[in-house]
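Residues per chain, in single letters:
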Amino acid sequence: MPEGHTIHALAERVRRAFGGRPVAACSPQGRFAEAARLDGARVLDARAYGKHLFVDVEAEILHVHLGLIGSFPVLPLAGAPAAPPVGRVRLRLVGDDHVADLRGPLICALTTPEHRDAVVAALGPDPLDPNAAEGRGWDRLRRSRRTVAELLLDQGVAAGLGNVYRCEVLHRHRLDPYSPGSALTRASWEALWTDLVRLLPLGVAFGQIVTMPDDIVEAERLLARDAVSDYTASLTGERLGDYFERRFAVYQRAGEACPRCGHAIRADKVGGRTLYWCPSCQDRH
DNA sequence: TCGCCATGTCCAC
DNA sequence: TGGACCTGGCGAT
C-alpha cells in the first residue's frame, strides 16, 4: 500500500491518535529493543517526507519506512484493552484510546535530528508539501540520460512516488516511459508535476490511489464540499473496502485494452519493477 | 499447502 | 543487475 499518500495519511493519524500524550511502546516481536526508550514518553509530532515517517517522542525520533510490504494501522481501542499482537509486530504503540501495530517495515529505528535532516535533504520535492520546490526535481530529471520511467521512481526527483502513480501518470500524459529524462520538455515536467499535486491529496483523503478521470472529478467534487472529512478520519490504514472501485488505466492491466486507444497494455520489467504502459498512445516527451 | 507477487530500497558482484 | 529482506494475500495445486 505505501506510496507517499499512505505515509502522509499515517502521520496525520499518528498525530491525532497519540499527539500530546504519553504512549506505551514495546516490540512484541522482539526485534526493536529500543522501543523501551519510547515507553511512557509523550508523542510530540509526526511528519511525513516522501515515504519516510518521523515521529518525535520527547527526546527521541522514531524513523519508519514501510518499504514494500510494511503496514502501520492505527486502531481505536474502543474501551477494550489492546488485543494481543497477531503476527509479527515490530513495534506496538498504545495510547489512551488507540493502538498502532507496525509490521514488516523496511526501517524502524531511533535516530538523530542530524540524520533526519540528511534523509530529508536527499529527497526531491514532495507533491504533498505545499512548499515543495518542483524545480529541484526538474533539474535532476533534465540532466539524466536514464529513462523517465526510472526517474519517476527516483525519490530525488519526486519524493513519495511509487510504481502505481508512476505508471498511471506517465499514461495520463501520454509520455513514452523509455525516453530519457534529458528529452522531457519543461512544459511536460510542469504538467506532470501539477497533476501529481492534484492527485496525491486525493490519495490521502480517500486512502486509495485515484487516477481515473471520472473518479477524480467525483473525488474533487466531494472534497470541495468537505463531504469526506469524516470518511478520511475514519481510515485506519487497515485493508478495508475502497471508496471508489479499485481501477487503473494501465497498472496491473497487462494484455487488456488501453482505455484511451484500445491497444493492448504492455508490462515490462524495468529495474526490477513492473512498468505497465500503452505502446501505442504513450509517445510524447 | 505452496509459491508467487506486491503501491520499496539497498547492497554485492 | 540480481538477490536479499520484510509480511500477507491469493491463485494454483
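Quick notes on the rules
Every chain is numbered independently, its residues counted from 1 as its sequence is written. By the order in which they are written, chains take letters starting at A while ligands take numbers starting at 1. Local features in a predicted model are, by the rule used here, given only for residues with pLDDT of at least 70; side-chain atom pairs are given and counted only at 80 or more, and totals for whole chains, interfaces and linings are based on all residues. Excluding hydrogens and water, the side-chain figures rest on all heavy atoms present in the structure. For the purposes of this entry, the term helix denotes a DSSP run of H or I that reaches at least four residues, the term strand denotes a run of E that reaches at least two, and both are numbered from the N terminus. Each radius of gyration is computed over the set of C-alpha atoms, and the globule rule expresses the reference value as 2.2 Å times the number of residues to the power 0.38. Buried residues are those whose accessible area, probed at 1.4 Å on protein chains only, stays under 20% of the maximum for their type, while exposed residues exceed 50% and partly exposed ones sit between those limits. Accessible surface area values rest on a Shrake-Rupley calculation with a 1.4 Å probe, where residue burial reflects the displayed protein chains alone. Nearness is judged by heavy atoms alone; a residue qualifies as near a molecule or strand once a single heavy atom is within 4 Å of it. Identification of polar contacts relies on pairs of N or O atoms within 3.5 Å, with a donor-acceptor requirement for protein atoms, meaning one able to donate a hydrogen and the other able to accept it, and with residues adjacent in sequence counted only if both atoms are side-chain atoms. Between any two strands, at least two bridges found by DSSP are needed for them to pair. The convention used is that axes are lines fitted to C-alpha atoms, helices contributing only their stretch in contact, and that angles between N-to-C directions extend from 0 to 180 degrees. Note on terminology: a nonpolar core comprises buried Ala, Val, Leu, Ile, Met, Phe, Trp, Tyr and Cys residues joined through side-chain atoms within 4.5 Å. A contact between two residues is defined here by any heavy atoms of the two lying within 4.5 Å. Angular relationships are summarised with four words: roughly parallel below 35 degrees, roughly antiparallel beyond 145, roughly perpendicular across 65 to 115, and oblique for the angles in between. When the near helix sits turned anticlockwise from the far one by under a right angle, the crossing is termed left-handed; a clockwise turn instead gives a right-handed crossing. Classes in brief: Ala, Val, Leu, Ile, Met, Phe, Trp, Tyr, Cys and Pro nonpolar; Asp, Glu, Lys and Arg charged; the others, Gly included, polar. Salt bridges are counted wherever a side-chain nitrogen of Lys or Arg sits within 4 Å of a carboxyl oxygen of Asp or Glu.

Engineer: Lay out the overall build of chain A in plain terms, naming residues and giving numbers.
Structural biologist: In terms of regular secondary structure, chain A is built from 8 helices and 10 strands. For 285 residues, the compact-globule formula gives about 19 Å, and the C-alpha radius of gyration of chain A, at 20 Å, lands near that figure. Expressed as lengths along the three principal axes of its C-alpha atoms, the size of chain A is roughly 55 × 40 × 35 Å. Put simply, chain A has 285 residues, and 51% of those count as buried. Total accessible area on chain A stands at roughly 13200 Å², and carbon and sulfur atoms take up 51% of it.

Engineer: So what about the protein's contact with DNA strand C? Which residues, and what values?
Structural biologist: Neighbouring residues of DNA strand C: Gln29, Arg31, Ile69, Arg88, Arg90, Arg103, Gly104 and Arg239. For DNA strand C, the backbone makes up 67% of the atoms found within 4 Å of the protein, where backbone means sugar plus phosphate. In this structure, glutamine 29 approaches DNA strand C through a side-chain N or O atom, which is 2.7 Å from a phosphate oxygen. In this structure, arginine 31 approaches DNA strand C through a side-chain N or O atom, which is 3.1 Å from a phosphate oxygen.

Engineer: I'd like to hear about the sheet that holds strand E1 (residues 24–26), residue by residue, with values.
Structural biologist: Taken together, the 4 strands give an open sheet; going across it, the order is E1-E6-E7-E5, and neighbouring strands pair in antiparallel fashion. What marks the edges here is a single partner per strand, and that holds for E1 and strand E5 (74–76). Averaged over neighbouring strand pairs, the angle between their axes works out to 15° when direction is ignored. As judged from the 3 bridges shared by E1 and strand E6 (residues 89–94), these two strands associate in the antiparallel manner. Counted as the bridge partner of alanine 25 is leucine 93 from E6.

Engineer: Account for the protein's contact with DNA strand B, with residues named and values stated.
Structural biologist: Taken together, 22 residues surround DNA strand B, and among them Glu3, Lys51, Arg246, Tyr251 and Arg273 come closest. Considering DNA strand B, the proportion of its atoms within 4 Å of the protein that are sugar or phosphate atoms stands at 64%. In the environment of DNA strand B, a phosphate oxygen lies 3.2 Å from a nitrogen or oxygen atom belonging to the backbone of asparagine 163. Between DNA strand B and the protein, one listed contact pairs a phosphate oxygen with a side-chain N or O atom of tyrosine 251 at 2.6 Å.

Engineer: Go over the nonpolar core, please, and point to the residues and values.
Structural biologist: With 44 residues, the main nonpolar core has Leu141, Leu152, Leu161, Leu170, Trp189, Phe206 and Leu275 as its most contacted residues. Elements represented by at least two residues in this core include exactly helix H3 (134–142), helix H4 (148–151), helix H5 (163–172), helix H6 (186–206), helix H7 (213–224) and strand E10 (273–277). A per-element tally of this core places H6 first, with 9 residues. Once you skip the residues sitting within four places of it in the chain, leucine 161 turns out to touch Glu3, Lys51, Leu152, Leu153, Gln155, Leu196 and Leu200.

Engineer: Tell me about the side chain of arginine 92, and please be specific about residues and values.
Structural biologist: Mapped onto the fold, arginine 92 is located in strand E6. The class for arginine 92 is buried, based on a relative accessible area of 9%. One polar contact links arginine 92 to aspartate 101, side chain to side chain, over a distance of 2.8 Å. The residues touching arginine 92, leaving out its near neighbours within four places in the chain, are Ala24, Ala25, Cys26, Pro28, Ala82, Ala83, Pro84, Pro85, Val99, Ala100 and Asp101.

Engineer: Describe the packing of H5 against H6, and please don't skip the residues or the numbers.
Structural biologist: Relative to each other, H5 and H6 sit at 135°, their axes nearing to 11 Å. Relative to H6, H5 is oriented oblique. Pair H5 / H6 crosses with right-handed handedness. Contact residues: Tyr165, Val169 and Arg172 in H5; Leu192, Asp195, Leu196, Arg198, Leu199, Leu200 and Gly203 in H6. Broken down by class, the residue content of the contact of H5 with H6 amounts to 6 nonpolar, 1 polar and 3 charged.

Engineer: With reference to specific residues and values, describe unusual backbone geometry.
Structural biologist: Despite not being glycine, glutamate 58 shows a phi value in the positive range, around 50°. With respect to the element layout, glutamate 58 can be found in the loop between strand E3 (52–57) and strand E4 (60–65). Judged by relative accessible area, glutamate 58 falls into the partly exposed class, the value being 41%.

Engineer: Lay out the pattern of salt bridges with the relevant residues and their values.
Structural biologist: What the rule picks out here adds up to 20 salt bridges. For glutamate 12, the salt bridge goes to arginine 16, with nearest N and O atoms at 2.9 Å. Residue glutamate 12 and its partner arginine 16 are both found in helix H1 (residues 4–18); the two are separated by 4 residues, about one turn of the helix. A salt bridge links arginine 172 to aspartate 195; its shortest N-O distance comes to 2.7 Å. Of this pair, arginine 172 sits in helix H5 while aspartate 195 is found in helix H6, placing the two residues 23 residues apart along the sequence. Assessed through its relative accessible area of 24%, arginine 172 is described here as partly exposed. What makes aspartate 195 buried here is its relative accessible area of 7%. When salt bridges with common partners are traced through the structure, they connect Glu12, Arg15 and Arg16 into a single cluster.

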